[in-house]
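The lines below spell out each chain.
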Amino acid sequence: MEYVNPLTGFRVDGRRPNEMRQLKGEIGVVARADGSALFEMGNTRVIAAVYGPREVQNKGQLVNSKEALIDIFVQVLQADGGTRSACINAATLALADAGIPMRDIVTSCSAGYLCSTPLLEDSAGGADVTVGILAKTDKVTLLQVLLENTKRLECQRG
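Chains are numbered independently. Their residues run from 1 in the order of the written sequence. Under the rules for a predicted model, residues below a pLDDT of 70 receive no local features and side-chain atom pairs below 80 are neither given nor counted, while totals for whole chains, interfaces and linings still include all residues. Each side-chain value is derived from all of the structure's non-hydrogen atoms; neither hydrogens nor water enter the calculation.

As a further point, take the sheet that holds strand β9 (residues 128-134). With respect to topology, four strands assemble into an open sheet ordered β8-β7-β9-β10, the strand pairing being antiparallel. Strands at the two margins of the open sheet, each flanked by one partner only, are β8 (117-120) and β10 (140-146). Sheet twist, expressed as the average angle between the axes of neighbouring strands with direction ignored, equals 15°. Both β9 and β10 contribute to a ladder of six bridges, which runs antiparallel. Along β10, the bridge assignment pairs Val131 with Leu143. Across the sheet, helix α1 (residues 83-97) is in contact with β7 (106-114), β9 and β10; its angle to β7 comes to roughly 170°. Note: two strands are recorded as paired if DSSP finds a minimum of 2 bridges between them. A run of DSSP states H or I qualifies as a helix once it reaches four residues; a run of E qualifies as a strand once it reaches two. Both are numbered from the N-terminal end. Here an angle of 0 to 180 degrees is reported between the N-to-C directions of two axes, which are lines fitted to C-alpha atoms, with helices fitted over the stretch in contact. Note on contacts: a residue pair qualifies if any of its non-hydrogen atoms lie within 4.5 Å across the two residues.

Structural data, given as structure tokens:
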């Protein structure tokens with residue numbers, strides 16, 4: 001479980017409570033996909049692949065030539081917290097790599113609390129919130145609050 005050292009104010013991984021993990025994104029990582037991305041947030045690694053757009057068919061007949069279907073596959077390669085946010089960010093990068101027209105770009109981040117200390121990009125396993133935001137319009141597209149495991153979370157002081 002991740003914690004903040006009361007003497008130094010740093011987490012186990014060397015970050016301050018309000019510091020994000022190092023972010024890294026790479027596009028075009030799946031050769032046969034129309035668009036793909038590898039997204040890393042610290043030790044969390046996620047890959048996304050986009051296939052399409054393709055025409056929508058209903059039992060061999062086109063439903064409407066103006067409609068299209070896009071398949072997005074996301075795989076968590078390594079989980080070290082923040083997987084929801086990493087998946088959202090990887091999917092957005094893969095859609096952009098595929099050249100899919102989008103009204104806006106979705107970005108995501110999570111935060112939580114541990115022993116009343118707010119943590120950005122929380123991986124402590126306690127109560128946390130994940131937010132997805134449209135970058136240009138500054139609108140919230142996802143607000144997910146998880147309260148599970150809060151009874152098991154204890155604050156131990158030296």
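Picking up after the structure, the text goes on.
Summarizing the sequence annotation, UniProt attributes the feature "domain: Exoribonuclease phosphorolytic" (unreviewed entry) to residues 19-58 and 66-101 in the numbering used throughout. Counted over residues 19-58, helix gives 0% and strand 65%. Its end C-alpha atoms are 49 Å apart. The span residues 66-101 is 42% helix and 31% strand, and its two end C-alpha atoms sit 14 Å from each other. UniProt positions are given in the numbering used here, feature names are shortened, and annotations may be inferred rather than shown by experiment.

Just to be clear on terms, a salt bridge is a Lys or Arg side-chain nitrogen sitting within 4 Å of an Asp or Glu carboxyl oxygen. One pass over the full model with this rule turns up three salt bridges. Residue Glu40 pairs with Arg45 through a salt bridge whose shortest N-O separation is 3.2 Å. Whether a residue is buried, partly exposed or exposed follows from its accessible area with a 1.4 Å probe, protein chains only, as a fraction of its type maximum: under 20%, in between, or over 50%, in that order. Judged by relative accessible area, which is 16%, Glu40 ranks as buried. Residue Arg45 is classed as partly exposed on the basis of its relative accessible area of 29%. Asp71 is paired through a salt bridge with Arg54; the nearest N and O atoms lie 3.0 Å apart. In this pair, Asp71 is assigned in strand β6 (residues 68-78) and Arg54 in strand β3 (residues 44-55), connecting sequence segments 17 residues apart.

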